[in-house]
Amino acid sequence: MHTAYLSTISACLILLLQCGLLANALLDPNDFLALQSVRKSLNDLPGSNYFSSWDFTAEPCSFSGVFCDADRVIALNLGDPRAGSPGLSGRIDPAIGKLSALAELTIVPGRVVGPLPRTLFQLKSLRFLAISRNFISGDIPAGLGQLRQLQTLDLSFNQLTGSIPRPVGALPALANVVLSNNHLTGPIPPFVSHQLARLDLKHNNLSGSISSLRFPSSLQYISLASNRLSGSLDRAFSGLNQLNYLDLSMNQMTGSIPAELFSFPISNLQLQRNQFSGPIEPVDQVTIATVDLSFNRLSGEVSPMLSTVGNLYMNNNRFTGRVPSSMVDRLLEGSIQVLYLQHNFLSGIEIKPTVAIPLSSSICLQYNCMVLPVDTPCPLKAGPDKSRPTSQCIEWKG
């Protein structure tokens, strides 16, 4: 009986709106009812006054965060977007799927909990979906794969579980995918959009072989850090000529690092804390500002082609031989800001004990197979030992 009563009230309200008997007559009645449901399921956190303007005796298109085109809601920005705003609490009501003209949906950081409504697939015009830094749980609805116009998907810093649905990867207009800092598992699906510029999946539990992946050539930013990805790089990143940031750190990747990676026009290359092995052999001078190869199983001599890198981390590997003189020259002229070579098997470096290293530059040579010619400050994690035990150096040479 209670349900029948509510249905009667809703029907009457729709009729009144259609007849222009309420102040809200300009808004589509389905949108009006959907906004009411959204409001009932969410609340301001203490210190937030976002919903103070949501008075349903007035025109909803004047509400804070509600934007209309004619009689339809086309954008809904829930919460005060100003920095430091406490945000909202509650849940996302499934009625939000009734806002069928919606092109943009955002919720500011707060304490919104519960799953993403399955009804989101009804928002066929949606181009921008950003619900980050809340406590959204459950899986990513496969129905999002029906949003063929979606360009930005940001669900980062939540508590999402399950895998990334393959239909989401198949969306043709995606430009930005940010699903970082969740608890997602399973393999990375193929992403096919030729507009995809940003792919941020770091800090999850994604698994599978990186060598089986192929990425759109449009990508400019890729971060897959802090997952459980394995396999070798092979040609997974071949042809990404627009890439300017690549972070594959803290995974379980193996094999050699392709020389091609060092020729990309990128500003930051993060490959630390994997299981990469073999030599590093760039073909040309490397122009990447920051290269981190630390905590791997890399070996061979340090390539002079890396002398043009501004911040170079090669510590905790198995490099041997002498530090290139070109690298020392660049350090002393201040072109290299960071040069970390500690915890390797390097046998020498041409640098005078009395030389003045620029204050803007930092070099660490601890725990190698040589007597340190200069005493420079190193990170605390480098440990107290200045040189590697002779027995380890002889064994390594043998």
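All values reported here derive from a predicted model rather than from experimental measurement.

## Some points on the overall build of the chain
Link 1 in the chain: Counting its regular elements, the chain contains five helices and 27 strands.
Link 2 in the chain: In terms of overall dimensions, the chain is more spread out than a globule: its C-alpha atoms have a radius of gyration of 28 Å, far above the 21 Å expected for 398 residues.
Link 3 in the chain: In the chain, buried positions account for 51% of the 398 residues.
Link 4 in the chain: If you take every contact in the chain between residues at least 6 apart in sequence, the share linking residues at least 24 apart comes to 41%.
Link 5 in the chain: A total accessible area of about 17,900 Å² is found for the chain, and carbon and sulfur atoms account for 54% of it.
Link 6 in the chain: Taking the average location of the 28 positive side-chain charges in the chain and that of its 26 negative ones, the two points are 6 Å from each other.

## Some words on unusual backbone geometry
Link 1 in the chain: One non-glycine residue, Ala-70, lies in positive phi territory at about 60 degrees.
Link 2 in the chain: With phi around 45 degrees, Asp-234 is a residue other than glycine that occupies positive phi space.
Link 3 in the chain: Position of Asp-234 among the secondary structure elements: in the loop between strand S16 (228–232) and strand S17 (245–247).

## Here we look at the UniProt feature "domain: Leucine-rich repeat-containing N-terminal plant-type" (unreviewed entry) in the chain
Link 1 in the chain: UniProt annotation of "domain: Leucine-rich repeat-containing N-terminal plant-type" (unreviewed entry) refers to residues 29–69 when read in the numbering used here.
Link 2 in the chain: Its end C-alpha atoms 14 Å apart, residues 29–69 is made of 32% helix and 17% strand.

## So, the packing of aromatic side chains
Link 1 in the chain: Within the structure shown, the criterion is met by ten aromatic pairs.
Link 2 in the chain: Residues Phe-51 and Trp-54 carry aromatic rings whose centres are separated by 5.0 Å and whose planes lie at 90 degrees to one another, so their mutual orientation is edge-to-face.
Link 3 in the chain: Plain terms: the ring middles of Trp-54 and Phe-56 are 6.2 Å apart, the flat faces sit at 80 degrees to each other, and that makes the pair edge-to-face.
Link 4 in the chain: The class for Trp-54 is buried, based on a relative accessible area of 7%.
Link 5 in the chain: The exposure class of Phe-56 is buried, given its relative accessible area of 18%.

## What to know about helix H2 (residues 29–41)
Link 1 in the chain: In this model, H2 (13 residues) spans 19 Å end to end at C-alpha, consistent with the 18 Å of a helix rising 1.5 Å per residue.
Link 2 in the chain: Those residues of H2 that fall on the buried side of the exposure criterion are Pro-29, Asp-31, Phe-32, Leu-33, Ala-34, Leu-35, Val-38 and Ser-41.
Link 3 in the chain: Put simply, Asp-28 is the residue that caps the front of H2, since its side-chain oxygen is 2.9 Å from the backbone nitrogen of Asn-30.

## Focus on the pattern of salt bridges
Note on pairing: side chains with opposite charge can pair once their charged atoms come close.
Link 1 in the chain: This structure, assessed with the given rule, holds seven salt bridges.
Link 2 in the chain: Note that Asp-31 and Arg-72 form a salt bridge whose closest N and O atoms lie 3.1 Å from each other. Separated by 41 residues along the polypeptide, Asp-31 in helix H2 and Arg-72 in strand S3 (residues 72–78) bring together distant segments of the chain.
Link 3 in the chain: Asp-375 is the partner of Lys-386 in a salt bridge, and the nearest nitrogen-oxygen pair spans 3.3 Å. Separated by eleven residues along the polypeptide, Lys-386 in the loop between strand S27 (362–364) and helix H5 (390–397) and Asp-375 in the loop between S27 and H5 bring together distant segments of the chain.
Link 4 in the chain: Assessed through its relative accessible area of 62%, Asp-375 is described here as exposed.
Link 5 in the chain: Connected through shared salt-bridge partners, Arg-198, Asp-200 and Lys-202 make up one network.

## So, the sheet that holds strand S4 (residues 88–91)
The strands that make up a sheet are held in pairs by hydrogen bonds between backbone atoms, and each pair lies either parallel or antiparallel.
Link 1 in the chain: The strand order S1-S4-S6-S8-S10 describes an open sheet built from five strands, whose pairing is mixed. Edge strands, defined here as strands with exactly one partner in the open sheet, are strand S1 (42–44) and strand S10 (159–160).
Link 2 in the chain: For strand S8 (residues 135–138) and S10, the ladder comprises two bridges, and the chain directions are parallel. The residue bridging Ser-137 from the neighbouring strand is Gln-159, located in S10.

## Regarding the confidence of the model for the chain
Link 1 in the chain: Summing up the model confidence of the chain, the mean pLDDT is 91 and the portion of residues at 70 or higher is 93%.
Link 2 in the chain: Confidence drops under pLDDT 50 across residues 1–25; counting only partners more than four residues distant or on other chains, this segment forms 24 contacts.

## Things to note about the state of the cysteines
Disulfide: a covalent bond formed between the sulfur atoms of two cysteine residues.
Link 1 in the chain: Scanning the entire structure with this criterion turns up three disulfides.
Link 2 in the chain: The disulfide bridge from Cys-364 ends at Cys-378, spanning 2.0 Å between sulfur atoms. Across the S-S bond linking Cys-364 and Cys-378, the dihedral sits near 110 degrees, which makes this disulfide right-handed. Of this pair, Cys-364 sits in strand S27 while Cys-378 sits in the loop between S27 and H5, and the two are 14 residues apart along the sequence.
Link 3 in the chain: Look at Cys-378 and you get partly exposed, because its relative accessible area is 22%.
Link 4 in the chain: If the cysteines joined by disulfides in the chain are listed in sequence order, their pairing comes out as 1-2, 3-5, 4-6.

About the cut-offs
- Residues numbered from 1 in each chain as written.
- Predicted model: local features only at pLDDT ≥ 70, side-chain atom pairs only at ≥ 80, totals over all residues.
- Heavy atoms only, no water.
- Helix = DSSP H or I, 4+ residues; strand = E, 2+ residues; numbered from the N terminus.
- Rg over C-alpha atoms; globule rule 2.2 N^0.38 Å.
- Buried < 20%, exposed > 50% of the residue type's maximum accessible area, 1.4 Å probe, protein only.
- Contact = heavy atoms within 4.5 Å.
- Areas by Shrake-Rupley, 256 points an atom, 1.4 Å probe, with all protein chains shown as cover.
- Lys, Arg positive; Asp, Glu negative; His and termini not counted.
- Charge placed at Lys NZ, Arg CZ, Asp CG, Glu CD.
- UniProt positions renumbered as here; feature names shortened; annotations may be inferred.
- Phe/Tyr/Trp six-rings, centres within 6.5 Å; stacked < 30°, edge-to-face > 60°.
- Expected span 1.5 Å × (residues − 1).
- Polar contact = N/O pair within 3.5 Å; in protein donor to acceptor, adjacent residues only side chain to side chain.
- Salt bridge = Lys/Arg side-chain N within 4 Å of Asp/Glu carboxyl O.
- Pairing = 2+ DSSP bridges.
- pLDDT = per-residue confidence, 0-100.
- Disulfide = S-S within 2.5 Å.

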